[in-house]
Amino acid sequence: MGQQENEQNKDNEIGKQPSVDFIRTIVAEDNQTKKWNGEVITRFPPEPNGFLHIGHAKSFCLNFGIAAENEGGHCHLRFDDTNPVKEEARYVESIQEDVRWMGWDWNEHLYYASDYFDQMYDYAVQLIKKSLAYVCDLDAEEMREYRGTLTTPGKDSPHCNRSIDESLDLFSRMKQGEFKDGSRVLRARIDMSSPNMNMRDPVMYRILHAEHHRTGSKWCIYPTYDWAHGLEDSIESVTHSICTLEFENHRPLYDWYLDKLEVHHPQQIEFARLELTYTVMSKRKLLQLVEEKHVVGWDDPRIPTISGMRRRGYSPESIQEFCRRIGINKFNSTIDIALLEHCVREDLNKTSNRVMAVLRPLKVVIDNYPEEQEEWMDAVNNPEDPEAGSRKVPFSKVFYIEQDDFMEDPPKKFYRLAPGREVRLRYAYFITCTDVIKDDNGQIVELRCSYDPATRGGNSPDGRKVKSTIHWVSATHALRAEVRLYDHLFAKERPEDTADGEDFKSNLNPESLTTLSDCMIEPSLKDANTLDRFQFERLGYFCLDRETAKEKMVFNRTVTLRDTWAKIQKKGK
């Protein structure tokens with residue numbers, strides 16, 4: 001590991017601004033030497049076979065970010081749609097929505113691999129004519145056998161010496177739909193004894209009679225990812241082709257294709273993908289969770305998809321800040337999800353208005369408060385943002401507090417409401433508990449209290465102090481709401497760590513969602529819009545869900561107020 005990466009890793013651990021990463025260093029050097037005539041063209045090339053997750057956000061923040069940082073630079077959004085069996089138009093739409101929501105714009109640079117199918121076919125014909133590609137009739141099992149292993153070289157296909165004319169004829173007939181799926185492929189003729197398995201006469205085209213989401217039934221042969229990947233970058237004149245580390249061993253193959261075709265040759269640079277604790281980032285595993293109904297769709301707030309995080313209440317700024325803090329490295333590592341939660345808390349603390357909400361209500365009646373009276377108290381919207389102003393909160397004889405804010409027989413360090421004890425109601429009055437009412441089962445159902453009219457606004461003229469301030473919601477004005485409390489989807493830090501015979505799903509957290517159905521919310525939220533974010537005072541950050549209906553609002557908890565990452569940092573120091 002280089003000194004620069006060591007320094008950056010230390011910066012990331014303590015949450016400092018990371019030093020310039022190695023990819024930006026390469027781009028800066030290329031600009032200085034005029035390697036690409038001062039041009040910086042990057043791309044984000046997702047396959048439209050699923051929804052984007054936060055790992056993709058790291059990638060597109062890097063690619064769009066580098067383009068934005070360099071004068072005249074631009075980043076392409078290109079869909080790598082070479083596999084019609086797994087791709088859908090809805091994924092194309094969701095990917096565009098997610099990238100835009102995160103604050104990036106590709107302007108006119110929206111492309112599809114399928115735009116280049118004709119050109120890729122012509123390039124394949126060129127390689128056949130140069131005797132660098134041939135049509136092979138081996139089936140999948142035979143091909144595996146001929147390919148060899150990591151320790152033994154492969155064997156030449158019996159068809160590798162097919163004449164150029166015969167391969168051209170067969171390839172043309174493959175395109176015309178004459179052969180059934182899997183009966184023939186086009187392969188590059190490279191080296192079956194190469195220590196790099198990717199160079200052992202890789203498949204360039206396979207027969208697949210399938211409808212494509214853009215080209216329909218025009219094609220029945222489709223390029224493999226490895227054949228298409230480098231060509232797309234070349235056709236678009238990309239300068240810096242930034243990939244994750246798993247493509248490092250594929251780079252020699254991309255180089256070989258581009259060199260043999262004698263076309264524009266971008267520079268490929270690999271970086272480490274993002275891994276997070278308590279979740280999975282594999283699209284295949286996320287698809288499994290969705291299809292097996294362990295989660296409720298691709299925007300379930302418990303999974304790390306961009307749409308799930310948006311629904312949970314994450315802001316684009318918090319995700320961007322997280323991506324900035326973790327930096328770009330050349331080595332694989334797993335990031336503590338506490339850092340992600342820290343970034344969203346930090347952002348929402350500055351930007352979210354405070355409101356009062358009671359999640360587990362306990363009824364309180366003030367005996368000496370006038371029966372029909374109501375007052376409207378001044379409440380600060382956001383102490384972090386003076387421009388957010390204030391609001392009026394209604395107060396009346398009957399209101400709700402959190403069940404946890406009362407104890408009949410409190411231990412020594414419990415300072416909230418108890419029999420005979422005085423506390424402050426946020427923005428309102430001092431109250432004292434005078435009586436506890438229980439049902440036939442002995443459960444507390446109501447508290448009787450008295451209030452001091454002289455303490456309006458929360459201060460006592462005689463200077464007496466109380467040790468606790470609690471929040472409340474007026475009963476006659478309360479909005480009814482369902483509140484969903486989300487926790488980690490997996491109970492284990494590394495979900496893939498399983499016992500023999502089990503898979504990652506055995507580590508699912510049975511308590512990843514708690515739904516509270518009788519919550520009380522202050523009335524200022526009656527006109528809130530879907531995805532509006534708030535801090536419920538003393539409880540955490542919450543977001544209005546799309547399932548909100550006229551009769552009942554639905555809120556998702558984004559994150560609690562407790563900051564685990566800050567504690568980790570403090571302990572480290």
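I will try to describe carefully the structure that is included in this document. Chains are numbered independently. Their residues run from 1 in the order of the written sequence. Per-residue local features are limited, in this predicted model, to residues with pLDDT of at least 70; the limit for side-chain atom pairs, both in listing and counting, is 80 or more; totals at the level of whole chains, interfaces and linings are taken over all residues. The side-chain values count all of the structure's non-hydrogen atoms but skip hydrogen atoms and water molecules.

**Focus on the layout of surface pockets**
By volume, the largest pocket amounts to about 1000 Å³. The rule is simple: put a 1 Å grid over the protein atoms alone, call a set of points where a 1.4 Å probe fits but cannot get out a cavity, call an open set with protein on both sides within 12 Å along at least five of seven lines a pocket, and count a residue as lining if it has an atom within 4 Å of a point. Glu-47, His-56, Tyr-225, Phe-247 and Lys-283 are the residues nearest the centre of the largest pocket, which is lined by 33 residues in total. Every helix listed is a DSSP run of H or I at least four residues long, and every strand listed is a run of E at least two residues long, numbered separately from the N terminus. If you list the elements that add at least two residues to the lining of the largest pocket, you get β1 (41–44), α3 (54–69), α8 (225–235), β8 (240–244) and α10 (283–291). Among the elements that line the lining of the largest pocket, the one with the most residues is α3, at 4 residues. Of the residues in the lining of the largest pocket, the class split is 11 nonpolar, 12 polar and 10 charged. Grid points are joined across faces, edges and corners, and a volume is the space filled by probe spheres set on the points. Under the scheme applied here, ten amino acids are nonpolar (Ala, Val, Leu, Ile, Met, Phe, Trp, Tyr, Cys and Pro), four are charged (Asp, Glu, Lys and Arg), and all others, including Gly, are polar.

**With respect to the sheet that holds strand β6 (residues 203–207)**
At least two bridges found by DSSP between two strands is the condition for calling them paired. Within the open sheet, the 4 strands sit side by side as β4-β5-β6-β7. Their pairing is antiparallel. Among the strands making up the open sheet, the edge pair consists of β4 (133–136) and β7 (221–223). Pairs of neighbouring strands in the sheet enclose a mean axial angle of 20°, with direction left out of account. Across 3 bridges, β6 lies against β7 in antiparallel orientation. Think of each axis as a best-fit line through the C-alpha atoms, taken over the contacting stretch in the case of a helix, with angles from 0 to 180 degrees between the N-to-C directions.

**Thoughts on the nonpolar core**
Each nonpolar core is a collection of buried residues, namely Ala, Val, Leu, Ile, Met, Phe, Trp, Tyr and Cys, held together in the definition by side-chain atoms within 4.5 Å. Each residue's exposure class comes from its accessible area (1.4 Å probe, protein chains only) as a fraction of the maximum for that residue type: buried when under 20%, exposed when over 50%, partly exposed otherwise. Residues Ile-54, Phe-60, Val-99 and Phe-322 are the most contacted members of the largest nonpolar core, which totals 37 residues. At the level of elements, α3, β2 (74–79), α4 (89–101), α11 (306–312), α12 (316–326) and α13 (337–351) are the ones that each hand at least two residues to this core. Whether two residues are in contact is decided by their heavy atoms: any pair within 4.5 Å suffices. For Phe-322, the residues in contact, after removing those within four places along its chain, are Ile-54, Leu-274, Leu-276, Ile-335, Leu-339, Leu-340 and Cys-343. Ranked by size, the runner-up nonpolar core spans 36 residues in total, among them Phe-117, Val-125, Ile-128 and Phe-171.

**Some remarks on the environment of Met-192**
Mapping Met-192 onto the fold places it in the loop between β5 (185–188) and β6. C-alpha separation for the pair Met-192 and Lys-155, spaced 37 residues apart in sequence, amounts to 6.0 Å. Discounting chain neighbours no more than four positions away, the residues touching Met-192 are Tyr-146, Arg-147, Pro-153, Gly-154, Lys-155, Asp-156, Arg-187, Arg-200 and Asp-201.

**With respect to the pattern of salt bridges**
Basic side-chain nitrogens of Lys or Arg form a salt bridge, by our definition, when they fall within 4 Å of a carboxyl oxygen of Asp or Glu. This structure, assessed with the given rule, holds 49 salt bridges. The partner of Arg-273 in a salt bridge is Glu-246, with the nearest N and O atoms 3.1 Å apart. With Arg-273 in the loop between β9 (267–271) and β10 (275–276) and Glu-246 in the loop between β8 and α9 (251–261), this pair connects stretches of sequence that are 27 residues apart. The class for Arg-273 is partly exposed, based on a relative accessible area of 34%. According to the relative accessible area criterion, Glu-246 is partly exposed, its value standing at 37%. Here Arg-484 ties to Glu-547 by a salt bridge, and the two come within 2.6 Å at their closest N and O atoms. In this pair, Arg-484 is assigned in strand β23 (residues 479–486) and Glu-547 in the loop between β26 (540–544) and β27 (553–559), connecting sequence segments 63 residues apart.

**Quick look at a negative patch on the surface**
The residues that make up patches have over 30% relative accessible area and no salt bridge, and they are joined within 9 Å when like-charged or within 5 Å when they are Val, Leu, Ile, Met, Phe, Trp or Tyr. Computed with the Shrake-Rupley method and a 1.4 Å probe, the accessible areas treat only the protein chains shown as cover for residues. Under this rule, positive means Lys or Arg and negative means Asp or Glu; His and the chain ends count for nothing. By convention, the point assigned to a charge is CZ for Arg, NZ for Lys, CD for Glu and CG for Asp. A cluster of acidic residues, Asp-139, Glu-141, Glu-142 and Glu-145, forms a negative patch on the protein surface. Here Asp-139 falls in the partly exposed class, since its relative accessible area comes to 35%.

**Observations concerning the packing of aromatic side chains**
Pairing of aromatic side chains requires ring centres within 6.5 Å, counting the rings of Phe and Tyr and the six-membered ring of Trp. Pairs whose planes differ by under 30 degrees are stacked, by over 60 edge-to-face, and all others tilted. This model, assessed by the stated rule, comprises 25 aromatic pairs. The interplanar angle of 85° and the centroid separation of 5.4 Å between the aromatic rings of Tyr-369 and Phe-395 together place this pair among those described as edge-to-face. Note that Tyr-369 is positioned in the loop between β14 (361–366) and β15 (374–380) and Phe-395 in strand β16 (residues 390–396), a separation of 26 residues in sequence. Of the residues examined, Phe-395 reaches a relative accessible area of 0% and is grouped as buried. In textbook terms, an aromatic cluster arises when at least three aromatic residues are bridged by ring pairs, as seen for Phe-117, Tyr-121, Phe-171, Tyr-205, Trp-219 and Tyr-222. Each ring is checked for a lysine NZ or an arginine CZ that lies within 6 Å of its centre and within 35 degrees of its normal; such an atom marks a charge sitting over the ring. Over the aromatic face of Phe-504 sits the side chain of Lys-285, whose NZ or CZ is 5.4 Å from the ring centroid. Between Arg-310 and the ring centre of Trp-101, over which it is positioned, the NZ or CZ distance is 5.1 Å.

**With respect to the side chain of Glu-402**
With respect to the helices and strands, Glu-402 occurs in strand β17 (residues 398–402). The side chain of Glu-402 is buried and forms no salt bridge, while Arg-360, the nearest opposite charge, is found at 5.3 Å. N or O atoms closer than or at 3.5 Å make up a polar contact, with two conditions inside protein: a donor-capable atom paired with an acceptor-capable one, and, for residues adjacent in sequence, both atoms drawn from side chains. A polar contact of 3.5 Å, which involves the side chain of Glu-402, links it to the side chain of His-471. Excluding its chain neighbours within four sequence positions, the residues that come into contact with Glu-402 are Ala-357, Val-358, Leu-359, Arg-360, His-471 and Leu-539.

**Looking at the pairing of β26**
Here β26 lies mainly inside the structure; 5 of its 5 residues are buried. Where strand β25 (residues 533–536) meets β26, 4 bridges bridge the pair, whose relative direction is antiparallel. Pairing of Phe-534 across the sheet is with Phe-542, part of β26. Hairpin remark: β25 followed by β26, antiparallel, with 3 residues in the connecting loop; positive phi at Arg-538, about 70°. As paired elements, β26 and β27 share 4 bridges and run antiparallel to each other. Residue pairing for β27: Phe-542 is matched across the bridge by Arg-557.

**Here's the deal with α9**
The set of residues buried in α9 consists of Leu-253, Tyr-254, Trp-256, Tyr-257, Leu-258 and Leu-261. Against the buried residues of α9 lie α5 (117–129), β5, β6, α8 and β9. In the segment just after α9, Glu-262 is the residue with positive phi, at about 55°.

**Structural notes on empty space enclosed by the protein**
Taken as a whole, this structure holds 3 cavities of 30 Å³ or more when the rule is applied. In this structure, the largest cavity occupies an estimated 180 Å³ of space. Top contributing element to the lining of the largest cavity by residue count: α13, with 3 residues. The residue makeup of the lining of the largest cavity, split by class, is 10 nonpolar, 2 polar and 4 charged. In this structure, the second largest cavity occupies an estimated 80 Å³ of space. Every residue along the wall of the second largest cavity is listed here: His-229, Gly-230, Asp-233, Ser-241, Tyr-254, Asp-255, Leu-258, His-265, Pro-266, Gln-267 and Gln-268. When contributions to the lining of the second largest cavity are tallied by element, the ones reaching two or more residues are α8, α9 and β9.

**Structural notes on the sheet that holds strand β3 (residues 110–112)**
Strand order in the open sheet formed by 3 strands is β1-β2-β3, and the pairing between neighbours is parallel. This sheet does not close on itself; its edge strands, each paired only once, are β1 and β3. Going from strand to strand, the sheet's axes swing by 35° on average, the running direction of each strand aside. In this sheet, β2 lies alongside β1 in parallel orientation, the contact comprising 4 bridges.

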